[in-house]
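# Geometric and topological summary
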Amino acid sequence: MIIRGGIVYDPANGIYGEEMDLFIEGGRIAEEAAGPELDASGLLVMPGGVDAHSHIAGTKVNTGRIMRPDDSRMGTEPRNPVCRPCTGYTVPNCYAIGYRYARMGYTTAFEAATPIINARHTHEELEEIPILDKGALTLFGSNWTVLECVRDKDLAKLAAYVAWGLRASRGYGVKIVNPGGGEAWGFGANVKGLYDTVPNFDVTPAEIIESLAKANEMLGLPHSIHLHFNNLGKPGNYTTAIETLDLLKGVQASRMRQVVHIAHMQFSAYGGTGWKDFESKGPAIADYFNRHSHATMDLGMVLFGPATTMTADGPLEYANSRLLHAKWANCDYELEDSSGVVPLVYGRKMPINAIQWAIGLELALMTKDPWKVIMTTDHPNGAPFVNYPEVIALLMSRPKREEEIATVHELVKSRTALPTLEREMDWTDIAVMTRAGPARILGLEDKGHLGKGADGDVAVYNLRPDEIDPSRDHALVKAALAKARYTIKGGTLVARDGEILSAPPGRTYWVDAGVAEADANRLMADLKDKFDRYYSIQISNYMVQDAYISHPNVIRAGLQVREGEDRSSHALAREA
Ligand SMILES: [Zn+2]
């Protein structure tokens, strides 16, 4: 395929709005190619979008669907010969997830939290999501074996367990949610901060986080630890955020990337002593990220309208349901973690919601380096992912922000810095936040850029960067980003002007990390005992088998890489 004459933004390769032709051969970007030509003359061209944190598959998502029969009516779409039926808005069905991302020019999305014991279900749903390449992050933050290894200060065994857990779940990276809180929640309690003791294990969240970060780097995983802070969603929690970030300053990254990625930062950038004096600490958090380079974050942007909150932070969801008098689902996953689901509506005249909305924008606009702060709504916690074009229009246009500020609760003016912010993002910032940045943060070397050998994932938008002014023409920007002129996935044209033309299956990334045999043997003896005594299922029925993943993309890490392959030559070359 040849894509002619587009204005290309490929910041990972130092291309900032150059007119050029792109060639795709064998599904990858090439120096030349023969085949069908697409006319992109003068139009905005970027790599396919990458979402590094979205809840798109697994039991939480399905529980959300069950709890919200009303939601299905909000998202029904007319069918075409290619598409299967689509339903749902905040928790769309699998087909709608694939088509809607593709329609916006996205080609990759990662599920942000799966317990190992439920990973088979997660993969069954990921398999049903058309078009997208996918992966799933595996929960480790309240897992008994993790807590024991941390208590015993046995990092080698912890690394062996992480490697085994990733293989068992066919997972891509280490997700930590309210570390220790999931275990405490089994007793109706929570951990209150970094140095509170987890019941029965005599360890603290600080020890869990630091140990998992070190184990992550011992294994040389492509992604860093991916952390949902303790005290998330509570007034005054920005101090916990900064304390935790400070804790990780000393950990050495094994690759050229962050040591920790912070999930949905907006929910942990809160000041105040309670909901009455609740205020933004977005500026303090952005300032911290401007002064440090060991951490990255995604926004977790809140937008007004319906959402379905779902998280492994079980006690948080209980608190949400009490506060809002809302429906509530709760789960305790045997030895592994907890979770909860609460549907809600964010209102623009609600003081807390309006301040939350402003904090997401502050974080993006006040963090100077867009490589440190990537786009998410923590779908569907802050808003459904189909609202990314609205967020981008807000980031690119101060007049649009002023229009919105005039319609939201007036406390945004006194309790946030948003009205004073003049910055308007440009297309390079947006290309970093929505593709190059998430790909680099996840360690996906063939995604998020258009260099030779990269995946042939390209988005062409009905916008002429040379003619439009996003500050003034924000409505055009929003409309064009919602329906890409062309979305190309692996060299196949999958969407045109919002219409799905074909729906090839995507690949699933997972990480196979090798560890020393002695550590693996120690671990397995312990696990066999745990399964015999405590788990409700046998170890042989626990692992996700290869048959569950029809198009795997296995990334090797750990010992097997250190002894042989050069795991990061491509990343290093680009960095240089
Ligand atoms: Zn999330």
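For the structure given in this document, a descriptive report is provided here. Here the structure is a predicted model, which means the values were calculated and not measured.

What follows deals with the packing of aromatic side chains. Scanning all chains against the criterion turns up 20 aromatic pairs. Their ring planes at 70 degrees and their centres at 5.2 Å tell us that Trp 144 and Tyr 534 sit as a pair that is edge-to-face. On the criterion of sequence distance, the pair formed by Trp 144 in helix H5 (residues 144-151) and Tyr 534 in the loop between helix H18 (517-533) and strand E24 (552-558) is long-range, its members being 390 residues apart. For Tyr 534, a relative accessible area of 43% puts it in the partly exposed group. Aromatic rings pair up to connect Phe 140, Tyr 161, Trp 164, Phe 531, Tyr 535 and Tyr 542 into one cluster. The residue whose ring lies beneath Arg 170 is Trp 510, and the NZ or CZ to ring-centre distance is 4.3 Å.

Turning our eyes to something else, we now look at empty space enclosed by the protein. Applying the stated criterion across every chain yields a total of three cavities of 30 Å³ or more. In this structure, the second largest cavity encloses a volume near 60 Å³. Around the second largest cavity sit 14 residues that line it, and Thr 59, Lys 60, Ala 113, Thr 114 and Pro 115 are the ones nearest its centre. Listed by contribution, the elements that provide at least two residues to the lining of the second largest cavity are helix H1 (59-67) and strand E7 (106-114). A per-class count over the lining of the second largest cavity returns seven nonpolar, five polar and two charged.

Once that is clear, we can look at the side chain of Asn 231. Its place among the elements puts Asn 231 in the loop between strand E10 (225-228) and helix H9 (238-247). By relative accessible area, Asn 231 is classed as buried at 11%. At 2.7 Å, the side chain of Asn 231 forms a polar contact with the backbone oxygen of Lys 192. With sequence-adjacent residues up to four places away left out, Asn 231 is seen in contact with Asn 178, Val 191, Lys 192, Gly 193, Asn 237 and Thr 240.

Below, the discussion takes up the sheet that holds strand E17 (residues 337-346). If you walk across this open sheet you meet the three strands as E15-E17-E16, and the pairing is antiparallel. Looking at which strands have only one partner, the edges of the open sheet turn out to be strand E15 (305-311) and strand E16 (329-333). The average undirected angle you get between the axes of adjacent strands in this sheet is 15 degrees. Note that E16 and E17 share five bridges and pair antiparallel. When the sheet's bridge partners are listed, Tyr 333 is paired in E17 with Asp 337.

The rules we used
- Residues numbered from 1 in each chain as written.
- Predicted model: local features only at pLDDT ≥ 70, side-chain atom pairs only at ≥ 80, totals over all residues.
- Heavy atoms only, no water.
- Phe/Tyr/Trp six-rings, centres within 6.5 Å; stacked < 30°, edge-to-face > 60°.
- Helix = DSSP H or I, 4+ residues; strand = E, 2+ residues; numbered from the N terminus.
- Buried < 20%, exposed > 50% of the residue type's maximum accessible area, 1.4 Å probe, protein only.
- Lys NZ or Arg CZ within 6 Å of the ring centre and 35° of its normal.
- 1 Å grid on protein atoms, 1.4 Å probe; cavity = no way out; pocket = protein on both sides within 12 Å on 5 of 7 lines; lining within 4 Å.
- Points joined across faces, edges and corners; volume = space filled by probe spheres on them.
- Nonpolar A, V, L, I, M, F, W, Y, C, P; charged D, E, K, R; others polar.
- Polar contact = N/O pair within 3.5 Å; in protein donor to acceptor, adjacent residues only side chain to side chain.
- Contact = heavy atoms within 4.5 Å.
- Pairing = 2+ DSSP bridges.
- Axes fitted to C-alpha atoms, helices over the stretch in contact; angles between N-to-C directions.

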